[in-house]
Amino acid sequence: MQNFVYRNPTEILFGRGMISEIATRVPAGAPALFAYGGGSIKRNGVYDRVKAALKSHRVVEFGGIEANPLYETCLTAVDVVKRERVGFVLAVGGGSVLDAAKFIAAAACFTGADPWDILRTNGSVVKAALPVGTVLTLPATGSEANGNSVISRRATREKLHFTSNHSFPVFSVLDPETTFTLPAKQVRNGVVDAFAHVMEQYMTCPADAPLQDRLAESVLHTLVEVGPMTLAEPRNYEARASFMWSATLALNTLIGCGVPQDWATHMIGHELTAFYGLDHAETLAIVMLGVWQHKLAQKRAKLEQYGRRVWNVTSAEAAIAKTEAFFNSINMPTRLQACNISSEDAAAKVSARFAERKAAFGEHGDIGADAAAAILRLRA
Ligand code: NZQ
Ligand code: ZN
């Protein structure tokens, strides 16, 4: 096992009715920015519950944050934060609203000339940020309990992420009832995103970390069990609750302690969203299977372990086939063609981006421009 530092400062407030807890956790005094998305929270009552909890606070609303949140929108919010002297950012919604809030909170305290540097440097220039709290309505990203944020720039069709210890939420409310109104497509996306987060930290090479392996496999087992259950019974609170907690555990930095990590699937996937507008999880389902096919020899030991323990099959090839069948069974496409994308076009565009940035991912740092192109060609 490699050395590691583990610190997760986010307080989780889990369960029915927990939104009211924010009343005592959002600081009084300076106004709070209440950030939200395109309006789902107004339709399902979450907006009213947040407003009721904050009835004694000064609140400045900022709605309209897009899925795959835009840099341009975040900068407008930063202007509001500065003008209104906001002291706290409360994000209410899915991963996109949470990620936007983290970027807004960091950009508001950024003293450099160009806030895009926060993303260009993967967060290393972030020295401070306003505190962020969240009310999560979509289990998927793990953003509610990590220091990551992913932002898209419309003008240049880029999608970049940053990570900072200053960007962990101070609290996150996870009330499974707020997820009852999710469209089936977003549930499917959440299951696949959480699944892929586990895999980025698990499907590498053996690392003498049996506990991390077992924790990862537990999250996978649970997702395989409760994902389809949630889709079949949208008002099953217990299924929703286990799904929600699984998605948090998949990327709250716990299962990745002391083990090699891959992340090539996510980095190639972000380019597919930037170029073609695919949902984040759609890109992952397509690319992850390609990464495994391309790196079959290097990943064979872990693929076999995963196959044995999660699907009861003995070969790496059968483990890949089982995973693809699982994704397809919840209506997730696993081929570029199913999304009307030419694999040659995708290979050319993504590999040019990787070459320009001298990017290399994977547990051995060997997934660069050429490997990205080969992986996408495998997923025609
Ligand atoms: O905008 P509103 O109206 O709120 O609607 C949203 C949006 O249209 C809707 N929605 C959310 N909760 C709902 C609901 N509709 C009905 N009922 C509810 N309870 O769902 C749609 C998608 O929301 P979004 O926040 O975009 O989805 P998700 O949570 O999957 O977030 C995706 C973003 O997170 C990034 C992705 O790249 C993408 O930009 N990621 C962030 C990560 C992180 N911070 O650690 C890691 C991930 O790998 C990922 O990259
Ligand atoms: Zn993801």
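Residues numbered from 1 in each chain as written. Chains lettered and ligands numbered in written order. Predicted model: local features only at pLDDT ≥ 70, side-chain atom pairs only at ≥ 80, totals over all residues. Heavy atoms only, no water.

1. Here's the deal with the side chain of Glu-200
By the element assignment, Glu-200 lies in helix α7 (residues 184-202). Here Glu-200 occupies a buried position and makes no salt bridge, while the nearest side chain of opposite charge, Lys-299, is found at 6.7 Å. The residues touching Glu-200, leaving out its near neighbours within four places in the chain, are Gln-261, Asp-262, Trp-263, Ala-264, Thr-265 and His-266. (Helix = DSSP H or I, 4+ residues; strand = E, 2+ residues; numbered from the N terminus. Buried < 20%, exposed > 50% of the residue type's maximum accessible area, 1.4 Å probe, protein only. Lys, Arg positive; Asp, Glu negative; His and termini not counted. Salt bridge = Lys/Arg side-chain N within 4 Å of Asp/Glu carboxyl O. Contact = heavy atoms within 4.5 Å.)

2. Some points on the packing of aromatic side chains
Scanning all chains against the criterion turns up 15 aromatic pairs. For the ring pair Phe-34 and Tyr-47, a centre distance of 5.5 Å and an interplane angle of 25° mean the geometry is stacked. Here Phe-34 is found in strand β2 (residues 32-36), whereas its partner Tyr-47 is found in helix α3 (residues 46-53), with 13 residues between them in sequence. A residue is classified by how much of its surface remains accessible, and Tyr-47, at 13% relative accessible area, is buried. Considering the side-chain rings of Tyr-71 and Trp-116, the 4.8 Å spacing of their centres and the 75° angle between planes classify their relative orientation as edge-to-face. Of this pair, Tyr-71 sits in helix α4 (residues 71-84) while Trp-116 sits in helix α6 (residues 116-120), placing them 45 residues apart in sequence. Here Tyr-71 and Trp-116 have matching classes, each one buried. Ring-pair connections join several aromatic residues into one group, and the members of that group are Tyr-71, Phe-103, Trp-116 and Phe-162. Here Arg-16 stacks its cationic end above the ring of Tyr-237, 3.8 Å away from the centre of that ring. Over the aromatic face of Trp-116 sits the side chain of Arg-153, whose NZ or CZ is 4.7 Å from the ring centroid. (Phe/Tyr/Trp six-rings, centres within 6.5 Å; stacked < 30°, edge-to-face > 60°. Lys NZ or Arg CZ within 6 Å of the ring centre and 35° of its normal.)

3. Things to note about the coordination of the zinc ion (ligand 2)
Protein coordination of the zinc ion (ligand 2) is provided by Asp-193 (OD), His-197 (NE2), His-266 (NE2) and His-280 (NE2), with donor distances spanning 2.0 to 2.1 Å. By relative accessible area, His-266 is classed as buried at 4%. (Donors = N, O, S within 2.8 Å, 3.2 Å for Na, K, Ca; no water.)

4. Digging into the packing of α7 against helix α11 (residues 280-294)
The contact between α7 and α11 brings their axes to 8 Å, and the two run at 40°. The handedness of the crossing between α7 and α11 is left-handed. Of the residues in α11, those touching α7 at Lys-185, Arg-188, Asn-189, Val-192, Asp-193, Phe-195, Ala-196, His-197 and Met-199 are His-280, Ala-281, Glu-282, Leu-284, Ala-285, Met-288 and Trp-292. For the contact of α7 with α11, the per-class residue count stands at nine nonpolar, three polar and four charged. (Axes fitted to C-alpha atoms, helices over the stretch in contact; angles between N-to-C directions. Left-handed = near helix turned anticlockwise from the far one by under 90°. Nonpolar A, V, L, I, M, F, W, Y, C, P; charged D, E, K, R; others polar.)

5. With respect to the pairing of strand β3 (residues 59-62)
Along any regular strand, the residues point their side chains to alternate faces of the sheet. Side chains Val-60 and Phe-62 of β3 all project onto a buried face; the interleaved residues Val-59 and Glu-61 project onto a face where none is buried. In this structure, β2 lies alongside β3, joined through four bridges in parallel fashion. From the neighbouring strand, Phe-34 faces β3, where its bridge partner is Glu-61. (Pairing = 2+ DSSP bridges.)

6. Some points on the site of ligand 1
Neighbouring residues of ligand 1: 32 residues in total, closest Gly-38, Ser-40, Gly-95, Ser-96 and Lys-159. In the environment of ligand 1, an oxygen atom lies 2.7 Å from a nitrogen or oxygen atom belonging to the side chain of His-197. His-266 has a polar side-chain atom sitting 2.8 Å from an oxygen atom of ligand 1. Summarising the interface, the protein chains cover 89% of the accessible area of ligand 1, which totals 960 Å² for the free molecule. Mapped onto the shell around ligand 1, the elements with two or more residues apiece are α5 (95-107), β6 (148-153), α7 and α10 (264-276). Here the shell around ligand 1 is built from residues that sort into eight nonpolar, 21 polar and three charged. (Near = heavy atom within 4 Å. Polar contact = N/O pair within 3.5 Å; in protein donor to acceptor, adjacent residues only side chain to side chain. Areas by Shrake-Rupley, 256 points an atom, 1.4 Å probe, with all protein chains shown as cover.)

7. Structural notes on the pattern of salt bridges
According to the stated counting rule, one finds 23 salt bridges in the structure shown. A salt bridge links Arg-300 to Glu-317, with the shortest nitrogen-to-oxygen separation between them at 3.2 Å. Separated by 17 residues along the polypeptide, Arg-300 in helix α12 (residues 296-311) and Glu-317 in helix α13 (residues 316-329) bring together distant segments of the chain. Classification of Arg-300 by relative accessible area gives partly exposed; the value is 30%. Of the charged contacts in the structure, one is a salt bridge between Asp-345 and Lys-349, with a shortest N-O distance of 2.9 Å. Within this pair, Asp-345 and its partner Lys-349 are both found in helix α14 (residues 343-357), separated by four residues, close to a single helical turn. The exposure class assigned to Asp-345 is partly exposed, which follows from its relative accessible area of 31%.

8. Some thoughts on α7
Taking 1.5 Å as the rise per residue, α7 with 19 residues should run 27 Å; its terminal C-alpha atoms sit 27 Å apart, in good agreement. α7 sits mainly inside the fold: 16 of its 19 residues count as buried. (Expected span 1.5 Å × (residues − 1).)

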